[in-house]
Amino acid sequence: MLLNVDLVLQALVSGILMGGIYSLICVGLTLTFGVMRIINFAHGEFLMVGMYATYFFARGLGVDPLLAIVVVLPGMFLLGVGVFVGLIRPIQRAPELNQMLLLVGVSLFLQNGALAAFSPDTLSVPSALSLKKLTFGPVIVDIPKLIAFGVSIMITLALYWLLRATELGRRIRAAAFDREAAALMGIDVGRVNVLAFGIGVGCLGVAAPLLTPIFFIQPNIGTFFILMAFVVVVLGGIGNFVGAFLASFVVAVAEALGALFMPGSTGPVLPFLIFILMLLFRPEGILGRRAA
């Protein structure tokens, strides 16, 4: 097959735009694990809940789905806080397997609940900008993806600033580094855990309205995103914020190039191939630290 430079450029741009969206989804998952050492297996289903909330908000009020951020963001934050306080906190000191099974159960409950409530039919709610495009020579950029990319990058950088430059961020990082020492220094680790989980799920309150005009909504939509999120988090180094941010672009560009060069429906295999090679040769991830 002859190399078509125009198609490669288009795939690279599409991958970079999608990478920005992945970063917003994955940094929330990274934050949750980094602070509490809990792998949120329900992260994808929380995103699905946010997308359904966006759909009903936009359809019910007849507004652009992007405006749903003002409602879905605080709603998802409160959902995360409620799930943590009601379900996770009581078993936080239990064996890790118990925590894992709990969150898998939450995932199955949300997915099957959506299936029973909304049926497996796909739903969509277009934005007023859905058909708008920008053309740069041979490269076509969808406006909804460009907006999603820009907002995702801004929120991701704002979250990084929060963690690095604010008192709350310092408390979160202290609890992530050594929760016992943080508690001895007067930090309310329990409150930090609640906020960290709420912020991690709250990130999906921004991602969901941005993704709704781009993807069809269905009960299992979260499965695709959680698989990619786990690949990103491991590639970046588990618990490493900057690593997850960089790995988001690696995975998204690999996915776009795989769809271009690999036959049939095997395109999504490429990110997982990179994932396997990383586990074999650098299991600590791009920016992770090798265990002593």
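To keep things clear, this report deals only with the structure shown in the data block.

Conventions adopted
Residues numbered from 1 in each chain as written. Predicted model: local features only at pLDDT ≥ 70, side-chain atom pairs only at ≥ 80, totals over all residues. Heavy atoms only, no water. Helix = DSSP H or I, 4+ residues; strand = E, 2+ residues; numbered from the N terminus. Rg over C-alpha atoms; globule rule 2.2 N^0.38 Å. Buried < 20%, exposed > 50% of the residue type's maximum accessible area, 1.4 Å probe, protein only. Contact = heavy atoms within 4.5 Å. Lys, Arg positive; Asp, Glu negative; His and termini not counted. Charge placed at Lys NZ, Arg CZ, Asp CG, Glu CD. 1 Å grid on protein atoms, 1.4 Å probe; cavity = no way out; pocket = protein on both sides within 12 Å on 5 of 7 lines; lining within 4 Å. Points joined across faces, edges and corners; volume = space filled by probe spheres on them. Nonpolar A, V, L, I, M, F, W, Y, C, P; charged D, E, K, R; others polar. Axes fitted to C-alpha atoms, helices over the stretch in contact; angles between N-to-C directions. Parallel < 35°, antiparallel > 145°, perpendicular 65-115°, else oblique. Pairing = 2+ DSSP bridges. Expected span 1.5 Å × (residues − 1).

Our next topic: the overall build of the protein. The number of helices and strands found in the protein is 11 helices and two strands. For the protein, the succession of helices and strands along the chain, N to C, is α-α-α-α-β-β-α-α-α-α-α-α-α. Its C-alpha radius of gyration of 19 Å places the protein within 12% of the 19 Å reference for a compact globule of 292 residues. Projected onto the principal axes, the alpha-carbon positions of the protein cover approximately 60 × 50 × 35 Å. Counting all 292 residues of the protein, 47% fall into the buried class. The contacts of the protein with a sequence gap of at least 6 include a subset with a gap of at least 24, amounting to 76%. With 16 positive and 12 negative side-chain charges, the protein shows a spacing of 7 Å between the two charge centroids.

What follows covers the layout of surface pockets. Space inside the largest pocket adds up to approximately 820 Å³. Lining the largest pocket are 24 residues, with Arg-164, Ala-176, Gly-239, Asn-240 and Phe-241 positioned closest to its centre. Only α1 (5-36), α5 (143-165), α6 (167-177) and α10 (241-261) provide two or more residues apiece to the lining of the largest pocket. Among the elements that make up the lining of the largest pocket, the one with the highest residue count is α6 (six residues). Class assignment for the residues of the lining of the largest pocket results in 13 nonpolar, six polar and five charged. In terms of lining, the second largest pocket is formed by 14 residues, of which the most central are Gln-92, Arg-93, Arg-179, Val-189 and Asn-193.

In contact at an axis separation of 6 Å, α1 and α6 are set at 60 degrees when each is read in the N-to-C sense. One way to sum up the angle between α1 and α6 is to call them oblique. On α6, the residues touching Leu-31, Gly-34 and Val-35 of α1 are Ile-172, Ala-175 and Ala-176. Looking at the contact of α1 with α6 residue by residue, the class counts come to five nonpolar, one polar and no charged.

Bridge count between strand β1 (residues 133-136) and strand β2 (residues 139-142): four bridges; the pairing is antiparallel. Looking at β2, one finds that Thr-135 is bridged to Ile-140. Linking β1 back to β2 in an antiparallel pair, the connection comprises two residues, with Gly-137 at a positive phi of about 65 degrees.

Attention shifts here to the packing of α1 against helix α9 (residues 221-236). Remark: α1 packs on α9, axes separated minimally by 9 Å, with the N-to-C direction vectors making an angle of 75 degrees. As the angle between them shows, α1 and α9 are arranged roughly perpendicular. Here Met-18, Tyr-22, Ile-25, Cys-26, Leu-29 and Thr-30 of α1 lie close against α9, whose contacting residues are Phe-224, Phe-225, Ile-226, Met-228, Ala-229, Phe-230, Val-232 and Val-233. Split by residue class, the contact of α1 with α9 holds 13 nonpolar, one polar and no charged.

Further remarks concern α5. When the terminal C-alpha atoms of α5 are compared, their 32 Å separation across 23 residues agrees well with the 33 Å that a helix rising 1.5 Å per residue should span. Where α5 is buried, its residues touch α1, β1, β2, α6, α8 (189-211) and α10.

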